[in-house]
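Read off the chains here:
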Amino acid sequence: MKVLVLGGAGYIGSHAVLALREKGFEPVVLDDLSRGHRAAVIGAGLIEADLTAVDLAAVLKESECGAVMHFAALSQVGESVSRPDLYYRNNVAGGLLLLDAMVKSGVRYLIFSSSAAVYGEPSRVPISEDHPTAPVNPYGATKLAFEGAMRWYAHAFGLRYASLRYFNAAGAHPDGLLGEDHRPETHLIPLVLKAVLGDCPMAVFGNDYPTYDGTCIRDYIHVCDLASAHLLALQALLAGEPSSVFNLGTGRGYSVLQMIETARRVTDHDISIQLSPRRPGDPAELVAGSRLAGERLGWRPRYPELEDIVTHAWRWHRAHPEGYPA
Ligand code: UFG
């Protein structure tokens, strides 16, 4: 079966494309390359287009795709606060165009990249899927808005979906084929590794959180484990399973200081720390309760160890200090 991968040139989408290929699907990537990279599309055709400016129903028909994976969204929390217009246009209005195109072309199966950001500041951890949703930034709000639209379109028009709420996507393909390259980079692991490569200090945003060492705790989930969850979710839908929402994390949290210590070990390089003020909007602790994905999809992270996640990321960053080629 052919699968349209919107945003397949991005960090998680590109890993999902490889996973689709490995399982015998034929991925077709549509990406405007505004945030993604041509060199990250391996083993799939690339349609270079903006999903808000293309006839998606025609793309679905002509490419003969039977399902969609939707990664094509803006994903920087800070940017979403200063430019909510961009986030609502891309993530919500763009998403609605996709839903309309799926209804028009009769494509029923959709796997959606959602986020832990839909929960906002959690009232309890680990966070299970039934935790109240109360996003604290436009990024999380747009992910939740699209989830709502998807649910009602499914109800009215017979679409079937899996919404995958990622915790902190991390790591890189273990063979060094693909990695993480955001511009600008805001994420902890690539920034720590860039600090190693550039021999610069690493900023730690706040050490007065109510956690065991005062720094924020996150649940880092290997990008290949996210990709495998997409495959399992798609296979479940194709086998007749109902639409669902799943959290994806390991269920274990690590602090910023633990992460930096792991990077020290993996790279065998000293990393000096520059204590900085808290970053606005950072919850103290986000850890996933993702039992549901295990029970319903048979999903088990293959690389739950932080050491493996950082080792794989380091492999890619050391080989690509400037990121993907243009
Ligand atoms: N951090 C630093 N220094 C840095 C960069 C990050 O101390 O230079 C800290 C952050 O303050 C945070 C932790 O490292 O405590 C992780 O930060 P990331 O930016 O890597 O990831 P976030 O937890 O902020 O973001 C993730 C996803 C988002 C999602 C969000 C939900 O990347 O897509 O979780 O809150 F919206």
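1. Details of the overall build of the chain
Step number 1: The secondary structure content of the chain amounts to ten helices and 14 strands.
Step number 2: Its C-alpha atoms give the chain a radius of gyration of 19 Å, within 12% of the compact-globule value 20 Å for 326 residues.
Step number 3: For the chain, buried positions account for 54% of its 326 residues.
Step number 4: Considering only contacts in the chain between residues 6 or more positions apart, those separated by 24 or more positions represent 79%.
Step number 5: A total of about 13,800 Å² of accessible surface is found on the chain, and carbon and sulfur atoms cover 52% of it.
Step number 6: Looking at the chain, you have 29 positive and 36 negative side-chain charges, and the mean spots of the two groups are 4 Å apart.

2. Digging into the pairing of strand β6 (residues 160-166)
Step number 1: Across the seven residues that make up β6, a large majority, seven, are buried.
Step number 2: Burial along β6 is two-sided: the face carrying Arg160, Ala162, Leu164 and Tyr166 and the face carrying Tyr161, Ser163 and Arg165 are both buried.
Step number 3: By the bridge criterion, seven bridges tie strand β5 (residues 109-115) to β6 in an arrangement that is parallel. Bridging across to β6, Leu110 finds its partner in Tyr161.

3. As for the pairing of β5
Step number 1: Buried residues dominate β5, accounting for seven of its seven residues.
Step number 2: Where strand β4 (residues 65-70) lies against β5, four bridges are found, and the strand directions are parallel. Bridge pairing links His70 to Phe112 in β5.
Step number 3: Taken together, β5, helix α5 (residues 138-157) and β6 constitute a β-α-β crossover, and its handedness is right-handed.

4. Considerations on the packing of aromatic side chains
Step number 1: According to the stated counting rule, one finds three aromatic pairs in the structure shown.
Step number 2: On the basis of an interplanar angle of 55° and a centroid distance of 4.8 Å, the ring pair of Trp316 and Tyr324 is categorised as tilted.
Step number 3: The exposure class of Tyr324 is buried, given its relative accessible area of 6%.
Step number 4: Across the ring face of Tyr209, the terminal group of Arg278 is positioned such that the distance to the ring centre comes to 3.9 Å.

5. A few points about helix α8 (residues 256-267)
Step number 1: The terminal C-alpha atoms of α8 lie 16 Å apart, and with twelve residues this matches the ideal 16 Å at 1.5 Å per residue to within 8%.
Step number 2: Residues of α8 that are buried: Val256, Met259, Ile260, Thr262, Ala263, Val266 and Thr267. Buried residues along α8 cover an arc of 160° about the axis, so they all sit on one side.
Step number 3: Those residues of α8 that are buried are in contact with α6 (188-198), β8 (202-205), β10 (220-222), β12 (254-255), β13 (273-276) and α10 (306-319).
Step number 4: Positioned one or two residues after α8, Asp268 has a phi angle of 55°, which is positive.

6. Examining the sheet that holds β12
Step number 1: Taken in spatial order, the three strands of this open sheet run β12-β9-β14, and their pairing is mixed. The open sheet has two edge strands with one neighbour each: β12 and β14 (285-286).
Step number 2: Strand direction decides the pairing type here: strand β9 (residues 217-218) and β14, joined by two bridges, are parallel. When the bridges of β14 are listed, Arg218 appears paired with Leu286.

7. Here we look at the domain arrangement of the chain
Step number 1: Under the domain assignment, the chain is made up of domain 1 (2-169 + 221-248) and domain 2 (188-218 + 251-289 + 300-319).
Step number 2: Between the C-alpha centres of domain 1 and domain 2 the distance comes to 26 Å.
Step number 3: Taken together, the contacts link 16 residues of domain 1 with 15 residues of domain 2.
Step number 4: For the domain 1 and domain 2 pair, buried surface summed over both sides reaches about 1,200 Å², with 62% attributable to carbon and sulfur atoms.
Step number 5: The interface formed by domain 1 and domain 2 includes six residue pairs in polar contact (both at pLDDT 80 or more).
Step number 6: Among the elements of the structure, β10, α7 (223-238) and β11 (244-248) are those that each provide at least two residues to the side of domain 1 that touches domain 2.
Step number 7: Taken together, the residues that form the side of domain 1 that touches domain 2 break down as eight nonpolar, five polar and three charged.

8. Some remarks on the sheet that holds β11
Step number 1: Read across the sheet, seven strands follow the order β3-β2-β1-β4-β5-β6-β11 without closing on themselves; strand pairing throughout is parallel. Every interior strand has two partners, whereas the edge strands, β3 (45-48) and β11, have only one. Put simply, the sheet's adjacent strands are angled 20° from each other on average, direction ignored.
Step number 2: Where strand β1 (residues 2-6) and strand β2 (residues 26-31) come together, five bridges link them in parallel fashion. Opposite Lys2, over in β2, you have Glu26 as the bridge partner.
Step number 3: Along the sheet face, helix α2 (residues 56-63) touches β1, β2, β3 and β4 and points at about 150° away from the line of β1.

Rules and cut-offs
- Residues numbered from 1 in each chain as written.
- Predicted model: local features only at pLDDT ≥ 70, side-chain atom pairs only at ≥ 80, totals over all residues.
- Heavy atoms only, no water.
- Helix = DSSP H or I, 4+ residues; strand = E, 2+ residues; numbered from the N terminus.
- Rg over C-alpha atoms; globule rule 2.2 N^0.38 Å.
- Buried < 20%, exposed > 50% of the residue type's maximum accessible area, 1.4 Å probe, protein only.
- Contact = heavy atoms within 4.5 Å.
- Areas by Shrake-Rupley, 256 points an atom, 1.4 Å probe, with all protein chains shown as cover.
- Lys, Arg positive; Asp, Glu negative; His and termini not counted.
- Charge placed at Lys NZ, Arg CZ, Asp CG, Glu CD.
- Pairing = 2+ DSSP bridges.
- Right-handed = clockwise from strand over helix to strand, strands pointing away.
- Phe/Tyr/Trp six-rings, centres within 6.5 Å; stacked < 30°, edge-to-face > 60°.
- Lys NZ or Arg CZ within 6 Å of the ring centre and 35° of its normal.
- Expected span 1.5 Å × (residues − 1).
- Arc of directions from axis to C-beta.
- Domains from an automatic or database assignment.
- Buried area = accessible area lost by both parts, 1.4 Å probe.
- Polar contact = N/O pair within 3.5 Å; in protein donor to acceptor, adjacent residues only side chain to side chain.
- Nonpolar A, V, L, I, M, F, W, Y, C, P; charged D, E, K, R; others polar.
- Axes fitted to C-alpha atoms, helices over the stretch in contact; angles between N-to-C directions.

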